[in-house]
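Close look at the chain arrangement
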Amino acid sequence: MKHRRIIAHSYFDGERHVSGGPFSINIDDGQIVSIVPFTGTPDAHDIVAPFVMPGLVEAHAHIVLDGSELDTEIRSAYLKADFPTMMATARD
């Protein structure tokens, strides 16, 4: 796959939102190899976007359940918990 460049004014790297661009997101063989401040003018092959983020991989999650628990009765009890308890489980 050839080199590709995305010019973005902000991006989400999977952990944090970065603003204050523009940034040049440089891609080789389908992988991001660098993200650096961009100066200049985009060329015809550049993709220009106001915001860029990775594709969503997790398409289905029960964040209020403790994923290590397999007992259906215990898992059912989790679903009956109050909202603060569920949110504490999700944060953990």
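Overview of the structure. (Residues numbered from 1 in each chain as written. Predicted model: local features only at pLDDT ≥ 70, side-chain atom pairs only at ≥ 80, totals over all residues. Heavy atoms only, no water.)

Along the chain, Asn26 falls in strand β3 (residues 23–28). By relative accessible area, Asn26 is classed as buried at 11%. When residues no more than four places from it in sequence are discounted, the contact partners of Asn26 are His3, Arg4, Arg5, Gln31, Ile32, Val33, Ser34 and Val36. (Helix = DSSP H or I, 4+ residues; strand = E, 2+ residues; numbered from the N terminus. Buried < 20%, exposed > 50% of the residue type's maximum accessible area, 1.4 Å probe, protein only. Contact = heavy atoms within 4.5 Å.)

Aromatic ring pairs are defined here through the distance separating the ring centres and the angle between the ring planes. All chains considered together, the criterion is met by 1 aromatic pair. Residues Tyr11 and Phe23 carry aromatic rings whose centres are separated by 5.2 Å and whose planes lie at 90° to one another, so their mutual orientation is edge-to-face. You can see Tyr11 sitting in strand β1 (residues 4–12) and its partner Phe23 sitting in strand β3, a full 12 residues away along the chain. (Phe/Tyr/Trp six-rings, centres within 6.5 Å; stacked < 30°, edge-to-face > 60°.)

This paragraph deals with the nonpolar core. Generally speaking, soluble globular proteins have nonpolar side chains that are buried together. Formed by Ile6, Ala8, Tyr11, Val18, Phe23, Ile25, Ile27, Ala49 and Val52, the largest nonpolar core amounts to 9 residues. Discounting residues that sit within four places of it in the chain, Ala49 has contacts with Ile7, Ala8 and His9. (Core = buried A, V, L, I, M, F, W, Y, C linked by side-chain atoms within 4.5 Å.)

Moving on, we come to the pattern of salt bridges. In this structure the tally under the stated criterion is 3 salt bridges. We note a salt bridge from Asp46 to Arg5, for which the minimum N-O separation is 2.7 Å. Remark: Arg5 occurs in strand β1 and Asp46 occurs in the loop between β4 (31–37) and β5 (47–52); sequence separation between them is 41 residues. Judged by relative accessible area, which is 22%, Arg5 ranks as partly exposed. Between Arg16 and Asp13 there is a salt bridge, with the nearest N and O atoms lying 3.2 Å from each other. You can call Asp13 partly exposed: its relative accessible area is 34%. Counted as one network, the salt bridges with shared partners bring together Arg5, Asp43 and Asp46. (Salt bridge = Lys/Arg side-chain N within 4 Å of Asp/Glu carboxyl O.)

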